[in-house]
Amino acid sequence: MKIRVIGGGIAGSEVALSLAGSGLSVELYEMRPSVSTGVHNSGDFAELVCSNSLKSESLENASGLLKEEGLKLGTHLLKIALKHRVPAGKALAVDRRAFSEEVTRLIESHPLISLKREEVYELDTENHINVVCTGPLTSERLESFLRGMFGEDLFFFDAVAPIVDAESILTEKAFVADRYSNGDGDYINCPLTQEEYSVFWRELVEAEVIEVENFSDRLLFERCQPVEEIARSGFDALRFGPMKPVGLIDPATGREAYATVQLRKENSQGTLLGLVGFQTRLKWGEQARVFSLIPALKEADFVRYGVMHRNTYLNSPLIIDPQLSARDYRRLFFAGQITGLEGYVEAMVSGRIAAINVKRFLEDRESLVLPPTTMTGGLIEHITVAGRTPLKPVYANFGLLPGVKGRGKVDRNRKKVSRAREDLDLFLERWRLDHNDL
Ligand SMILES: Cc1cc2nc3c(=O)[nH]c(=O)nc-3n(C[C@H](O)[C@H](O)[C@H](O)COP(=O)(O)OP(=O)(O)OC[C@H]3O[C@@H](n4cnc5c(N)ncnc54)[C@H](O)[C@@H]3O)c2cc1C
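Asker: Whenever I open this one, the domain arrangement of the chain confuses me. Can you help?
Answerer: Note: interface size is frequently given as the accessible area lost on complex formation between the parts. When the domains of the chain are assigned, the result is domain 1 (3-157 + 311-430) and domain 2 (163-304). The interface of domain 1 with domain 2 comprises 13 residues on the first partner and 14 residues on the second. Interface of domain 1 and domain 2: buried area, both sides summed, is about 1,200 Å²; carbon and sulfur atoms make up 52% of it. Considering only the side of domain 1, the residues that lose the most area to domain 2 are Cys50, Tyr395 and Lys409, jointly responsible for 41% of the buried surface there. In this assembly, domain 1 and domain 2 are joined by three salt bridges. Of the charged contacts, one joins Asp301 and Lys409 as a salt bridge, the two residues approaching to 2.7 Å between their closest N and O atoms. Applying the counting criterion to the domain 1 and domain 2 interface returns six residue pairs in polar contact (both at pLDDT 80 or more).

Written as structure tokens, this is what we have:
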């Protein structure tokens, strides 16, 4: 039985290095450079397609916690990232070329990794183990093969506005109101003065966007315009579009503001809020910088950035088990963004977990399922617990972890972090796992 890793992006490179590192032979299939995704620029493995930031390392931050866990679990790509870091304050940013060149060198020189530079468009789930890591831009032929296996439980979407953690909104700079008071107070409004709007508008039109080859013009006209495109059509265009203040009276002034951004609940508890009409192609770092110029969002935690691109992912809660294999095909594993876990570090860590469970499956050992109080366990639980359908892709955030009591958000997050660290250490001790154990 062969082990086939499909996709040499972030997750697939981790899976291949993890499995080969534990003494198993793998075939790694990567379609680049002969077939393009439209976003990757090279034929290298583990190319970081956009920002070179792997986000914060601080343990006050969900991504910092995920990184610490990933390192404790022995994630190869995180160790390589640390070697190629460039100064970026509290964030782990890397020299992207040096990073993917080293991953490529390690993969190409590994005696147990056999490289196949070709597109895979069907899977033999009877005779081989397959680990599918083809990411958000899975080739169309493989996507249609997967659709044949899983039917409509495969998603493809392309235009999402950013989502923020409701607790991070500066409530004194916002107000609850529906336009012309029509409704039950479903919207949180973030007003801007003329001066604030001018600064915001200028930064928005000048911000960097993600260039996607063959980005469909149809989308821009038929579906929705990215907020930066609307802004580019004129200084006031946003005030007649997604930032229209009409009918929204700010109780602080008794008047309509110069411009207003509306936030709407993204989940029934109202802990996540989406920026209405703010679908965007801005780079993720740019989204954080520019959208934080909206006064109420000055300290906003972006739980999800806006995207406008093809994004293939499975309705994982119906398809995948917490060991990251398909419920109906035990030899078929998934990792990375195709599972609904979004972000570089999420892809790395999910690759590591999938590899661990492939090895354990082959040895007939119990699968490794981390406690849901850890960030890794919380992420995997989120994408694999039935009932959470349809799935919306997520990256590490504290809202995924079970609640704790505390004074304010910072205190509660700190408690979640200490619990996660303790639980992971206990778990690793109980399972007698160390860095090298697969
Ligand atoms: C435009 C864009 C911008 C993003 N910006 C950021 C960001 O700034 N920060 C962040 O953390 N995350 C970002 N993400 C998300 C991030 O890219 C992904 O989370 C991460 O790269 C996913 O890793 P992956 O291994 O799942 O997929 P990828 O890294 O995309 O790897 C998938 C690999 O599979 C290959 N492949 C696809 N189909 C086939 C096939 N049929 N046969 C063989 N090979 C195949 C592809 O060529 C690719 O190399 C962005 C995503 C996109 C699309």
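Asker: I would appreciate a short explanation of the packing of aromatic side chains in the present structure.
Answerer: The geometry of an aromatic ring pair is captured by the separation of the ring centres together with the interplanar angle, meaning the angle of the planes. On inspection of all chains with the given rule, the structure shows 14 aromatic pairs. With a centroid separation of 5.2 Å and an interplanar angle of 75°, the aromatic rings of Trp201 and Phe235 are classed as edge-to-face. Of this pair, Trp201 sits in helix H6 (residues 194-206) while Phe235 sits in the loop between helix H8 (227-232) and strand S12 (249-250), and the two are 34 residues apart along the sequence. Exposure remark for Phe235: the relative accessible area of 29% places this residue in the partly exposed category. Grouped by ring-pair contacts, the aromatic residues Tyr197, Trp201, Phe235 and Tyr258 constitute a single cluster. Sitting above the plane of the Tyr395 ring, Lys55 keeps its charged end 3.8 Å from the centroid.

Asker: Which parts of the structure should I look at to understand the pattern of salt bridges?
Answerer: Where charged atoms of side chains with opposite charge meet at close range, the side chains can pair. This model, assessed by the stated rule, comprises 28 salt bridges. With its nearest N and O atoms 2.9 Å apart, the salt bridge here joins Glu68 to Arg421. You can see Glu68 sitting in helix H2 (residues 62-72) and its partner Arg421 sitting in helix H13 (residues 408-430), a full 353 residues away along the chain. Across the salt bridge formed by Asp236 and Arg239, the nearest N and O atoms sit 3.1 Å from each other. Accessibility expressed as a relative area gives 18% for Arg239, which makes it buried. Each member of the salt-bridge network shares a partner with another, and the members are Glu68, Lys72, Arg421 and Asp425.

Asker: In this structure, what is going on with the site of the ligand? I would like to understand it.
Answerer: Around the ligand sit 36 residues, and of these Ala11, Glu30, Arg32, Val120 and Gln337 come closest. Within the backbone of Met31, an N or O atom sits 3.3 Å from a nitrogen atom of the ligand. In the complex, 98% of the free accessible area of the ligand, which totals 990 Å², lies under the protein chains. Residue assignment for the shell around the ligand shows that the elements contributing at least two residues are helix H1 (10-21) and helix H11 (344-362). Considering only residue class, the shell around the ligand consists of 17 nonpolar, 14 polar and five charged.

Asker: For this particular structure, what's the right way to read the packing of H1 against helix H3 (residues 76-83)?
Answerer: Two measures define how a pair of helices packs: the angle their axes make with one another and the distance between the axes. At their nearest, the axes of H1 and H3 sit 8 Å apart, and the two run at 110° to each other. Of the possible angle classes, the one that applies to H1 and H3 is roughly perpendicular. Of H3, the residues touching H1 (which contributes Ile10, Ser13, Glu14, Leu17 and Ser18) are His76, Leu77 and Ile80. Grouping the constituent residues of the contact of H1 with H3 by class yields four nonpolar, three polar and one charged.

Asker: I keep staring at the confidence of the model for the chain and nothing clicks. Help me out?
Answerer: Low pLDDT marks stretches whose predicted atomic positions should not be read closely. For the chain, the mean per-residue pLDDT works out to 91, and 94% of the residues sit at or above 70. Contacts from residues 217-223, a stretch scored under 50 in pLDDT, to residues over four places away or in other chains number eight contacts.

Asker: What's the story with the nonpolar core in this structure? I'm lost.
Answerer: Among soluble globular proteins, nonpolar side chains are generally buried collectively. Ranked by size, the top nonpolar core spans 121 residues in total, and within it Leu54, Phe99, Phe200, Leu238, Phe278, Phe291 and Phe334 carry the most contacts. Residue contributions to this core peak at ten residues, all from H11. Two domains each donate at least three residues to this core, and these are domain 1 (3-157 + 311-430) and domain 2 (163-304). Among all residues touching Phe200, those that are not within four sequence positions of it are Leu192, Leu238, Met243, Phe278, Val290, Phe291, Leu293 and Ile294.

Asker: Would you mind showing me how to read the sheet that holds strand S11 (residues 187-192) here?
Answerer: Strands belonging to one sheet form pairs held by backbone hydrogen bonds; the direction of such a pair is parallel or antiparallel. Strands sit in the order S10-S11-S14-S15-S9-S16 across an open sheet of six strands; the sheet is antiparallel. With partners counted over all chains shown, the strands left at the sheet margins are strand S10 (175-176) and strand S16 (302-304), one partner each. Pairing of strand S9 (residues 163-165) with strand S15 (residues 272-275) involves three bridges; the strand directions are antiparallel. In the sheet register, Ile163 faces S15, and the bridge partner there is Gly274. Seen against the sheet, H6 touches S11 and strand S14 (259-265) and runs at an angle of roughly 95° to S11.

Asker: Looking at this model, I keep getting lost on the pairing of strand S5 (residues 91-94). Mind explaining?
Answerer: A regular strand carries its side chains on alternate faces of the sheet. Burial of S5 is two-sided: the residues Ala91 and Ala93 facing one way and the residues Leu92 and Val94 facing the other way are all buried. Note that strand S3 (residues 53-56) and S5 share two bridges and pair antiparallel. Across the sheet, Ser53 pairs through a bridge with Ala93, a residue of S5. Examined bridge by bridge, strand S4 (residues 85-86) and S5 share two bridges and lie antiparallel to one another. The residue bridging Arg85 from the neighbouring strand is Val94, located in S5. In sequence, S4 turns back onto S5 through a hairpin of four residues, with Gly89 there showing a positive phi of about 60°.

Conventions used here
Residues numbered from 1 in each chain as written. Predicted model: local features only at pLDDT ≥ 70, side-chain atom pairs only at ≥ 80, totals over all residues. Heavy atoms only, no water. Domains from an automatic or database assignment. Contact = heavy atoms within 4.5 Å. Buried area = accessible area lost by both parts, 1.4 Å probe. Salt bridge = Lys/Arg side-chain N within 4 Å of Asp/Glu carboxyl O. Polar contact = N/O pair within 3.5 Å; in protein donor to acceptor, adjacent residues only side chain to side chain. Phe/Tyr/Trp six-rings, centres within 6.5 Å; stacked < 30°, edge-to-face > 60°. Helix = DSSP H or I, 4+ residues; strand = E, 2+ residues; numbered from the N terminus. Buried < 20%, exposed > 50% of the residue type's maximum accessible area, 1.4 Å probe, protein only. Lys NZ or Arg CZ within 6 Å of the ring centre and 35° of its normal. Near = heavy atom within 4 Å. Areas by Shrake-Rupley, 256 points an atom, 1.4 Å probe, with all protein chains shown as cover. Nonpolar A, V, L, I, M, F, W, Y, C, P; charged D, E, K, R; others polar. Axes fitted to C-alpha atoms, helices over the stretch in contact; angles between N-to-C directions. Parallel < 35°, antiparallel > 145°, perpendicular 65-115°, else oblique. pLDDT = per-residue confidence, 0-100. Core = buried A, V, L, I, M, F, W, Y, C linked by side-chain atoms within 4.5 Å. Pairing = 2+ DSSP bridges.

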